[in-house]
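Here is what each chain is made of, one letter per residue.
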2 protein chains.
Amino acid sequence: MSIPRLTACIVSTGEEVLRGELIDSNSAELARQLGEAGFEIQLMLTAGDRRMDLDFVLRTALDRAGWVFMTGGLGPTEDDLTAEVVAQLAQVPLQFDLPSWQHVERRFAEFGIPLTENNRKQAMFPAGAQILANPNGTAPGFVASLSLAGDERRVVALPGPPREMQPMLRTFLASLPQARKATHSFMRFLGIGESSLAEAMRPWADQNIELGYRAIFPELELKLYDASEAQIHSLRAFALENFADYLLDFSSLGTPELFARYLTETGQTFAVAESCTGGLVGKIITDLPGASAYFLGGVVSYANSAKHDLLGVDAATLAEHGAVSEPVAQQMARGVRERFGADIGLSITGIAGPDGGTDQKPVGTVWLGRADAHGTAARHRQFVRGREWVRTFAAHDGLRWLMRDWLQARWRATVGGG
Amino acid sequence: MSIPRLTACIVSTGEEVLRGELIDSNSAELARQLGEAGFEIQLMLTAGDRRMDLDFVLRTALDRAGWVFMTGGLGPTEDDLTAEVVAQLAQVPLQFDLPSWQHVERRFAEFGIPLTENNRKQAMFPAGAQILANPNGTAPGFVASLSLAGDERRVVALPGPPREMQPMLRTFLASLPQARKATHSFMRFLGIGESSLAEAMRPWADQNIELGYRAIFPELELKLYDASEAQIHSLRAFALENFADYLLDFSSLGTPELFARYLTETGQTFAVAESCTGGLVGKIITDLPGASAYFLGGVVSYANSAKHDLLGVDAATLAEHGAVSEPVAQQMARGVRERFGADIGLSITGIAGPDGGTDQKPVGTVWLGRADAHGTAARHRQFVRGREWVRTFAAHDGLRWLMRDWLQARWRATVGGG
């Protein structure tokens, strides 16, 4: 049977996957990148470390597609059979590759680990294979050609560790003439689900623009493939007109990265008063290195007494309005700004659940406060879907709220007009 | 070819997996649970929504194992072909099952959604199949028997959503006479890697005790299968003697859950002063609902001025010893304990990297402080492997340090002696 050229099967090998100790994220990453490059994926197959199983899945895969992309089995141990099995299928011998061996030697020398005779294995490839350099690890990958009933097939063998596999795959696809070099651009959203956005974008999907959605909790990334400059421009203007409440950026930057740029560009410092988020805002901000340039710190005022003692929230206000209320949010923001001497103060107080909700303030009720040189403001939100969602959305929503004007200027600078 | 009874292949179906939009966590969960039940997994296979592909992977799987466990394709749409394809392979017609239909009707009524004719499909099964109830969703699963070259084979079809699949699988395995009902017990560790622990445990692995390791970042869970009471006891005593520095518990509870129990059982309140962890300790503690019973809050003193202004750290001490130092850690812990009126105060100050390290205080240097009614203490740690690891280990290490005595008493209560 003749098979169109850009069909592929994905094969992974490794006992850890068959034992359920490892979730096979490599295959998902391969599927995504190959899909973008224009491959149509037929099947995914996983075998353990037995030769007969690996041989079987490779034969099965080669029977079904023009390309087989496989991960794993390139290590130095006896269980690592990829090169051997592929050579056998291609009916060629294994061949020693001196530059690859020198690469292995260099890697071991760098880490001061003694080389063993086993490691020579990592420089043996099916004769005639194209060797794929591995700048991030020991084992090079390879591409072997073989023919099946007169049709040419290719096996692309990649290493198992994701940080070695992913760059090698990208480099290979970039060098492959048949692969689609998608020009793509991104948009990023917060607070809108994939199905709602996809529904609204339907007119664009009908115009030869391929749209890809990717949930990066709690955000949503939209990727536009092969759109012209004019189409990208119209689509951005459309998003700005219809989804400004959910738009983050015309890029793949997320809330924390954008917030770091906002503070850096505007030269402001920041402090946060957290109640229901319990430290999550500070954690997100300090996940990024270099945060000390703009993040002074925060108070986690989980107990009401801490809202009063550490942030100066008025006891009467607490008693009258409750901890989850507009005036308390405002006083928390003002208090944390003053105590840290920050340019901007943010506060978050809410009911994350599962308990603690009332009819008037159900689980998911959140009040946010902001304070800067111009004064204070508050914002009410009602989040859904449980504790983790409420907390995560509240933290991201608060940061986006603070940089709203800056984001709008950034959008306009991209889309133009005014 | 005759195949031993407890061999299995795992099949998943769904375009989202082939497109890389979804990582196939169902197959990993199946592999783990089937492995525990004594099945030997041969292959994993994934097909999209095309009938010929699903038919092909099922045939391939049935050819290689006595059992095929599959997920997905039980929904009401045209793409959902599982029952149809299995019936064809088993050479039986599809049959309507009234109780299943009544279950579907009830589920829809509960959610107030109108039923369509399509939904009748979810009550159609290969004739003679055993039907598996789905208390968590609409689509029941089923077990179909078929014979292949005279040998009996079984296909177990489970729904795709993990929260429906997992309980159905557990119920099915519990009812299966051939399945191993593993008695197992857990140990949980922090700060030791899988390879080191496995090496030290080798003598036990040679004694017919099967050991399973599972990394739950930053911790490590060890599972003992089918060990006798006496063996479990000896192994615990061995761990206590050799790994007390890394042991968390003789259970699968992690640091945050144990810390919550520690505070609850001892009736103490807690506050935290965080520098390099930036709010992570508070975040971890408040991930658990009910934390307000013992967690008063914290100060994230990312800037040095905040260590002085909000926690009362002496300016001269800061200048002389630096922010990452024993006296500053102690003063931070004392300060946060006093300001929150907490029974226990913890502090964490360190260099998370990638920048900011010096020869004397390289990246990964962390000082922890504790303060309670008896006084203050400090602890020095040197963590490795980058910002995320340093921060995560520091947070977990700090919490374990605080409850060390309580943990030891808990271990002794389990192992006995003294």
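Remember, predicted model here, so these are calculated numbers, not experimental data. (Residues numbered from 1 in each chain as written. Chains lettered and ligands numbered in written order. Predicted model: local features only at pLDDT ≥ 70, side-chain atom pairs only at ≥ 80, totals over all residues. Heavy atoms only, no water.)

Enquirer: For this particular structure, what's the right way to read the UniProt feature "domain: MoaB/Mog" (unreviewed entry) in chain A?
Expert: Taking the UniProt record as the reference, the feature "domain: MoaB/Mog" (unreviewed entry) is found at residues 9-179 of chain A. Annotated as 39% helix and 25% strand, the span residues 9-179 of chain A places its first and last C-alpha atoms 15 Å apart. (UniProt positions renumbered as here; feature names shortened; annotations may be inferred. Helix = DSSP H or I, 4+ residues; strand = E, 2+ residues; numbered from the N terminus.)

Enquirer: Explain the relation of the copies chain B and chain A here, please?
Expert: Put simply, the second copy of the chain is the first one after a rotation about an axis and a shift along it. Between the two copies, chain B and chain A, the superposition gives an RMSD of 0.5 Å; the rotation angle is 180° and the shift along the axis is 0.4 Å. Seen this way, the second copy is the image of the first under a two-fold rotation axis. Residue by residue, 98% of the interface of chain B is reproduced at the interface of chain A, so both copies engage with the same surface. (Least-squares fit on C-alpha atoms with pLDDT ≥ 70 in both. Contact = heavy atoms within 4.5 Å.)

Enquirer: Just to check I follow, could you spell out the packing of aromatic side chains for this structure?
Expert: Given two aromatic rings, one states the distance between the centres and the angle between the planes to describe the pair. Residue and element names in this part refer to chain A. For the structure on display, the rule yields 38 aromatic pairs over all chains. Consider the rings of Phe 217 and Phe 393, whose centres lie 6.3 Å apart with planes at 85°: the pair is edge-to-face. Remark: Phe 393 occurs in helix H15 (residues 387-402) and Phe 217 occurs in the loop between strand S10 (210-216) and strand S11 (219-225); sequence separation between them is 176 residues. Phe 217 sits in the partly exposed class, given a relative accessible area of 41%. Judged by relative accessible area, which is 13%, Phe 393 ranks as buried. Ring centres 6.2 Å apart and planes at 20° place the aromatic pair Phe 383 and Phe 393 in the stacked group. (Phe/Tyr/Trp six-rings, centres within 6.5 Å; stacked < 30°, edge-to-face > 60°. Buried < 20%, exposed > 50% of the residue type's maximum accessible area, 1.4 Å probe, protein only.)

Enquirer: How should the interface of chain B and chain A be read in this particular structure?
Expert: How big an interface is tends to be reported as the loss of accessible area on association of its parts. Contacts between chain B and chain A engage 58 residues on the former and 58 residues on the latter. Here chain B packs against chain A, burying approximately 4300 Å² in sum over the two surfaces, 60% of which is carbon and sulfur. Counting every contact that joins chain B to chain A gives six salt bridges. Between Asp 287 of chain A and Arg 391 of chain B there is a salt bridge, with the nearest N and O atoms lying 2.8 Å from each other. Summed over the shared surface of chain B and chain A, the result is 28 residue pairs in polar contact (both at pLDDT 80 or more). (Buried area = accessible area lost by both parts, 1.4 Å probe. Salt bridge = Lys/Arg side-chain N within 4 Å of Asp/Glu carboxyl O. Polar contact = N/O pair within 3.5 Å; in protein donor to acceptor, adjacent residues only side chain to side chain.)

Enquirer: Hey, could you run me through the pairing of strand S16 (residues 365-372) of chain B in this one?
Expert: Every other side chain in a regular strand lies on the same face of the sheet, so the side chains alternate between the two faces. Residues and elements named next belong to chain B. Across the eight residues that make up S16, a large majority, eight, are buried. The alternating pattern of S16 places Thr 365, Trp 367, Gly 369 and Ala 371 and Val 366, Leu 368, Arg 370 and Asp 372 on opposite faces, both of which are buried. For strand S15 (residues 344-350) and S16, the ladder comprises six bridges, and the chain directions are antiparallel. Across the sheet, the residue bridging to Gly 350 is Val 366, located in S16. Adjacent in sequence and paired antiparallel, S16 and strand S17 (residues 375-382) are bridged by two residues. (Pairing = 2+ DSSP bridges.)

Enquirer: Explain helix H9 (residues 229-242) of chain A to me, please; I cannot follow it from the model alone.
Expert: Residues and elements named next belong to chain A. Taking 1.5 Å per residue as the helical rise, H9 with its 14 residues ought to reach 20 Å, and the 20 Å between its terminal C-alpha atoms agrees with that figure. Every buried residue belonging to H9 is among Ile 232, Leu 235, Arg 236 and Ala 239, and all of these are buried. Projected onto a plane normal to the axis of H9, the buried residues spread over an arc of 100° and lie on a single side. Exposed and oriented more than 90 degrees from the buried face of H9 are Ala 230 and Glu 241. (Expected span 1.5 Å × (residues − 1). Arc of directions from axis to C-beta.)

Enquirer: I'm lost on the sheet that holds strand S3 (residues 67-71) of chain A in this one. Help?
Expert: Two pairing modes exist for strands in a sheet, parallel and antiparallel, and in both the strands are linked by backbone hydrogen bonds. Strands sit in the order S6(A)-S7(A)-S8(A)-S3(A)-S1(A)-S2(A)-S2(B)-S1(B)-S3(B)-S8(B)-S7(B)-S6(B) across an open sheet of twelve strands; the sheet is mixed. Since the sheet does not close on itself, it has two edges, and those belong to strand S6 (130-132) of chain A together with strand S6 (130-132) of chain B, each with one partner. Strand-to-strand twist in this sheet, taken as the mean axis angle between neighbours without regard to direction, amounts to 20°. Inspection of the sheet shows strand S1 (residues 7-13) of chain A paired to strand S2 (residues 40-47) of chain A by six bridges, in the parallel sense. Pairing of Thr 13 of chain A across the sheet is with Ala 47 of chain A, part of S2 of chain A. (Axes fitted to C-alpha atoms, helices over the stretch in contact; angles between N-to-C directions.)

Enquirer: I would appreciate a short explanation of the side chain of Asp 372 of chain A in the present structure.
Expert: Relative to the helices and strands, Asp 372 of chain A is located in strand S16 (residues 365-372). In terms of polar contacts, Asp 372 of chain A uses its side chain to reach the backbone amide nitrogen of His 374 of chain A, at 2.8 Å.

Enquirer: Please explain the domain arrangement of chain A as it appears in this structure.
Expert: Residues and elements named next belong to chain A. Domain boundaries assigned for chain A yield domain 1 (7-175), domain 2 (184-249) and domain 3 (263-407). One C-alpha centre belongs to domain 2, the other to domain 3, and the line joining them spans 29 Å. Across the contact, ten residues belong to domain 2 and nine residues belong to domain 3. When domain 2 packs against domain 3, the two sides together hide about 840 Å² of surface, and 66% of this comes from carbon and sulfur. When the area that domain 2 buries against domain 3 is broken down by residue, the three leading residues are Leu 190, Phe 217 and Pro 218, summing to 57%. Note that Asp 245 is salt-bridged to Arg 404, the shortest N-O span being 4.0 Å. There are three residue pairs in polar contact (both at pLDDT 80 or more) connecting domain 2 and domain 3. A breakdown of the residues in the side of domain 2 that touches domain 3 according to their chemical character gives seven nonpolar, one polar and two charged. (Domains from an automatic or database assignment. Nonpolar A, V, L, I, M, F, W, Y, C, P; charged D, E, K, R; others polar.)

Enquirer: How should I be thinking about empty space enclosed by the protein in this particular structure?
Expert: Vacant regions in the atomic arrangement are exposed by a probe of water-molecule size rolled over the atoms. Throughout the structure, instances matching the rule amount to two cavities of 30 Å³ or more. Empty space within the largest cavity amounts to approximately 180 Å³. Lining the largest cavity are 22 residues, and of these Asp 24, Ser 27 and Thr 46 of chain A together with Asp 24 and Thr 46 of chain B sit closest to its centre. In terms of residue class, the lining of the largest cavity is made up of 14 nonpolar, six polar and two charged. Taken as a whole, the second largest cavity holds about 40 Å³ of empty space. Along the walls of the second largest cavity sit Arg 379, Asp 397, Arg 400, Trp 401 and Arg 404 of chain A, which together make up its complete lining. Here the lining of the second largest cavity gets three residues from one element, more than from any other, and that element is H15 of chain A. Residue composition of the lining of the second largest cavity, grouped by class: one nonpolar, no polar and four charged. (1 Å grid on protein atoms, 1.4 Å probe; cavity = no way out; pocket = protein on both sides within 12 Å on 5 of 7 lines; lining within 4 Å. Points joined across faces, edges and corners; volume = space filled by probe spheres on them.)

Enquirer: When you look at the sheet that holds strand S12 (residues 247-249) of chain B in this model, what are you seeing that I'm missing?
Expert: All names here are of chain B. An order of S10-S11-S9-S12 is seen for the four strands of this open sheet, with the pairing classed as antiparallel. Edge positions in the open sheet fall to strand S10 (210-216) and S12, since each of these has one partner strand only. Ignoring which end each strand starts from, the neighbouring axes of this sheet average 30° apart. Most of the contacts of helix H9 (residues 229-242) go to strand S9 (residues 184-190), to which it runs at about 5°, and overall it touches S9, S10, strand S11 (219-225) and S12.

Enquirer: Mind showing me how you'd approach helix H10 (residues 255-266) of chain A here?
Expert: Helical geometry note: an α-helix holds 3.6 residues per turn, so side chains three or four residues apart project in the same direction. Taking 1.5 Å of rise per residue, twelve residues should cover 16 Å, and H10 of chain A covers 16 Å from first to last C-alpha, within 8% of that figure. Residues Thr 255, Pro 256, Leu 258, Phe 259, Ala 260, Tyr 262 and Leu 263 of chain A constitute the buried set of H10 of chain A.

Enquirer: Please clarify how the pairing of S2 of chain A should be interpreted in this entry.
Expert: Among the eight residues of S2 of chain A, seven are classified as buried, and the element is accordingly described as predominantly covered. Here five bridges tie S2 of chain A to strand S2 (residues 40-47) of chain B, and the two strands are oriented antiparallel to one another. Bridged to Leu 43 of chain A within S2 of chain B is Ala 47 of chain B.

Enquirer: Where do I start with the environment of Pro 126 of chain B in this structure?
Expert: All names here are of chain B. Counting through the fold element by element, Pro 126 comes out in strand S5 (residues 124-126). Pro 126 sits 43 residues away from Ala 83 along the chain, and the two C-alpha atoms are 6.2 Å apart. Not counting the four nearest positions on each side in its chain, Pro 126 is found in contact with Ala 83, Val 86, Ala 87, Val 92, Pro 93, Leu 94 and Phe 142.

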